[in-house]
Amino acid sequence: MNRISVAQPKMVGNERKYVLDCLDTNWISSNGKYIGAFEQAFAEFCGVKHAVATNNGTTALHLALVGLDLQPGDEVIIPTVTYIATANAVRYCGATPVLVDVCAETMNIDPREIEKKITPKTRGIIAVHLYGHPAGMGTIDEIARKHGLWVVEDAAEAHGAEVQGRKVGGLGTCATFSFFGNKIITTGEGGMITTNDDALAAKLRLFRGQGMDPKRRYWFPVVGYNYRMTNIQAAIGLAQLEGIETALAQRDALAGWYNVALADLQDKIVLPVEASWARQVFWMYNIFLRDGDENRRDAVMQQLDEMDIETRPVFYPMHVLPPYKEDASYPVGDLWAQRGINLPTHQDLTPADVQRIADSLRMALVN
Ligand SMILES: *Cc1c(COP(=O)(O)O)cnc(C)c1O
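All residue numbers here refer to positions counted from 1 along the written sequence of the relevant chain. Predicted model: local features are reported for residues with pLDDT of at least 70 only, side-chain atom pairs are reported and counted for 80 or more only, and whole-chain, interface and lining totals are derived from all residues. As a rule here, side-chain values come from all non-hydrogen atoms in the structure, and water together with hydrogens is ignored.

Participant: When you look at the overall build of the protein chain in this model, what are you seeing that I'm missing?
Facilitator: Strands here mean DSSP runs of E at least two residues long; helices mean DSSP runs of H or I at least four residues long; both are numbered from the N terminus. Counting its secondary structure elements, the protein chain contains twelve helices and 14 strands. Computation of the radius of gyration draws on C-alpha atoms, with the globule rule given as 2.2 Å multiplied by the number of residues to the power 0.38. Over its C-alpha trace the protein chain gives a radius of gyration of 21 Å, about what one expects of a compact globule, namely 21 Å for 367 residues. Over its C-alpha atoms, taken along the principal directions, the protein chain stretches across nearly 70 × 55 × 35 Å. Between buried and exposed lies partly exposed: a residue is buried under 20% and exposed over 50% of the maximum accessible area for its type, with that area taken using a 1.4 Å probe on protein chains only. Across the 367 residues in the protein chain, those meeting the buried criterion constitute 56%. By element, 53% of the accessible surface of the protein chain is carried by carbon and sulfur atoms, the whole surface being about 15,600 Å². Charged residues are defined narrowly, with Lys and Arg counted positive, Asp and Glu counted negative, and His plus the chain ends left uncounted. Here the site of a charge means atom NZ of a Lys, CZ of an Arg, CG of an Asp or CD of a Glu. On the protein chain, the mean spot of the 35 positive side-chain charges and the mean spot of the 43 negative ones are 5 Å from each other. Here the Shrake-Rupley method, with its probe set to 1.4 Å, supplies the accessible areas, and only the displayed protein chains count as covering residues.

Below is the structure:
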């Protein structure tokens, strides 16, 4: 039987044609028509005024924080359960990520815990839409306004997710996306920042291109970065974006198949739930082991691996990783991170694959 991977990219239509166009016209670097076209199409998709493409999702986060003038000594509130790039981007600015526990329902930052961590040094909040389920932006936005903070959405895993009918990407001061090979749409490596703020967008463009004055070539008023996306990446991205509604629908269908195939295992595992105010997208379909099996996660994953099914553990919380280690406990994050498994989630999976995964999981859980 073939091996099932946990994630894989899916070319959906015009990728090859657009890339060949870059090669045939010699526009292979970070100038060319696909960059602007991809930025504009992505801004429209998110319902925002501006989209600024970058070379990956981590540089998108760093550039966003540079644009917001984050300084050494400042503090930024982030969830403890996230991908490490969220914390690293804060550290790149010399600032301190301040960790907050997550809520059990969505595994996203718990808005009720945020205010306890606000100090005079706090400048903003990074709300991560983890695994495709959006964070509680309504409450987060209220807290931010009350304390004069900015909000960055880390939407690297959540292209197309919605909060009360509004797409992520336009729900904070700005938002960042990733187009890494395992994300919902991909450019190989790539990222994007979206915002409705004209001045911020101009600043992001300035700092993305080494800080070169747009009106005076080779005049650099600031220390910038080279975080540009190439035309080839944007060509792939534009083609991927043309197929995003299909991609999201296929991922919804996949989640539906899992929900049915795993229904009888619910005394052993918790299945994903969608908050009433949210539209989640399935970057990853996650399950969590219930009480009694809390120490068996790695063994279950090992058995699945032996049955040629690749899975991944839910991210380790930041407070257990060496660069951000704390003795404090974050009970919900610890619980979910210890028990969570990402099941294979990509657009080439069939109902038969899902049945095979469910059957293998059933065997692993009773063993
Ligand atoms: C993937 C990811 C990033 C970083 O994106 P890259 O394109 O891999 O640099 C940042 N934050 C989260 C939550 C991610 O999942």
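Participant: So what exactly am I meant to see when it comes to the sheet that holds strand β11 (residues 278-279) here?
Facilitator: Sheets are built from strands that pair by backbone hydrogen bonding, the pairs being arranged parallel or antiparallel. Two strands pair under a simple rule: DSSP has to find at least two bridges between them. What the three strands build is an open sheet, ordered β7-β6-β11; its pairing is antiparallel. Both edges of this open sheet fall to β7 (166-167) and β11, since each of them pairs with a single strand only. Judged from the two bridges that link them, strand β6 (residues 162-163) and β7 form a sheet pairing that is antiparallel. Looking at the pairing, Glu-162 lines up with Lys-167 of β7.

Participant: Is there a simple way to think about the site of the ligand in this case?
Facilitator: Contacts to the ligand come from Asn-56, Gly-57, Thr-58, Tyr-83, Ala-85, Val-128, Asp-154, Ala-156, Glu-157, Ser-178, Lys-183 and Gly-190. Contacts to the ligand include Ser-178, whose side-chain N or O atom sits 2.7 Å from an oxygen atom. Coverage of the ligand by the protein chains reaches 94% of its 370 Å² of free accessible surface. By residue class, the composition of the shell around the ligand is four nonpolar, five polar and three charged. Nearness is judged by heavy atoms alone; a residue qualifies as near a molecule or strand once a single heavy atom is within 4 Å of it. In the analysis that follows, any N or O atom pair within 3.5 Å is treated as a polar contact, provided that within protein one partner can donate a hydrogen and the other can accept it, and provided that, for residues neighboring in sequence, both atoms belong to side chains. Only Asp, Glu, Lys and Arg are considered charged, only Ala, Val, Leu, Ile, Met, Phe, Trp, Tyr, Cys and Pro nonpolar, and every remaining residue, Gly among them, polar.

Participant: What is the right way to read the packing of aromatic side chains from this model?
Facilitator: How two aromatic rings sit relative to each other is given by the distance of their centres and the angle of their planes. What counts as a ring pair is set by centres within 6.5 Å for rings of Phe, Tyr and Trp (its six-membered ring), and what kind of pair is set by the plane angle: stacked under 30 degrees, edge-to-face over 60, tilted for all other angles. Under the defined criterion, the tally for this structure stands at 14 aromatic pairs. Taking 5.6 Å as the distance between ring centres and 45 degrees as the angle between the ring planes, the aromatic pair formed by Tyr-83 and Phe-315 counts as tilted. One end of the pair, Tyr-83, is in the loop between β2 (75-79) and α4 (85-92); the other, Phe-315, is in the loop between β13 (312-313) and α11 (331-339), and 232 residues separate them in sequence. Tyr-83 gets classed as partly exposed once you look at its relative accessible area, which sits at 44%. For Phe-315, a relative accessible area of 14% gives the class buried. Taking the centre distance of 5.2 Å and the plane angle of 15 degrees together, the rings of Tyr-131 and Phe-315 count as stacked. Taken together, the residues Tyr-131 in the loop between β4 (122-128) and α6 (137-147) and Phe-315 in the loop between β13 and α11 connect sequence positions 184 residues apart. With a relative accessible area of 3%, Tyr-131 lands in the buried category. Ring pairs connect the aromatic residues Phe-38, Phe-42, Phe-45, Phe-177 and Phe-179, which therefore count as one cluster. For a lysine, the NZ atom is tested; for an arginine, the CZ atom; a charge sits over a ring if that atom is within 6 Å of the ring centre and within 35 degrees of the ring normal. Here the basic side chain of Lys-183 rests over the ring of Tyr-83, its NZ or CZ set 6.0 Å away from the ring centre.

Participant: Got a minute to help me understand helix α9 (residues 244-261) in this structure?
Facilitator: Helical geometry note: an α-helix holds 3.6 residues per turn, so side chains three or four residues apart project in the same direction. Expected helix span is given by 1.5 Å per residue-to-residue step, counting one fewer step than there are residues. Its 18 residues place the ends of α9 26 Å apart at the C-alpha level, agreeing with the 26 Å of an ideal helix rising 1.5 Å per residue. Residues of α9 that are buried: Ile-244, Ala-247, Leu-248, Arg-251, Leu-254, Ala-255, Tyr-258 and Ala-261. The buried residues of α9 all sit within an arc of 145 degrees when viewed along its axis, so they share a single face. A contact between two residues is defined here by any heavy atoms of the two lying within 4.5 Å. Elements in contact with the buried residues of α9: α2 (33-46), α8 (231-242), β11, β12 (285-289), β14 (340-343) and α12 (351-366). What the arc measures is the spread of directions leading from the helix axis to the C-beta atoms.

Participant: Please explain the pairing of strand β1 (residues 50-54) as it appears in this structure.
Facilitator: Within a regular beta strand, the side chains point alternately toward one face of the sheet and then the other, so they alternate between its two faces. For β1, the buried fraction is high: five of the five residues fall into the buried class. Burial along β1 is two-sided: the face carrying His-50, Val-52 and Thr-54 and the face carrying Ala-51 and Ala-53 are both buried. Sheet analysis places β1 next to strand β9 (residues 191-195), joined by five bridges and oriented antiparallel. Each bridged residue has a counterpart across the sheet, and for Ala-51 the counterpart in β9 is Thr-194.

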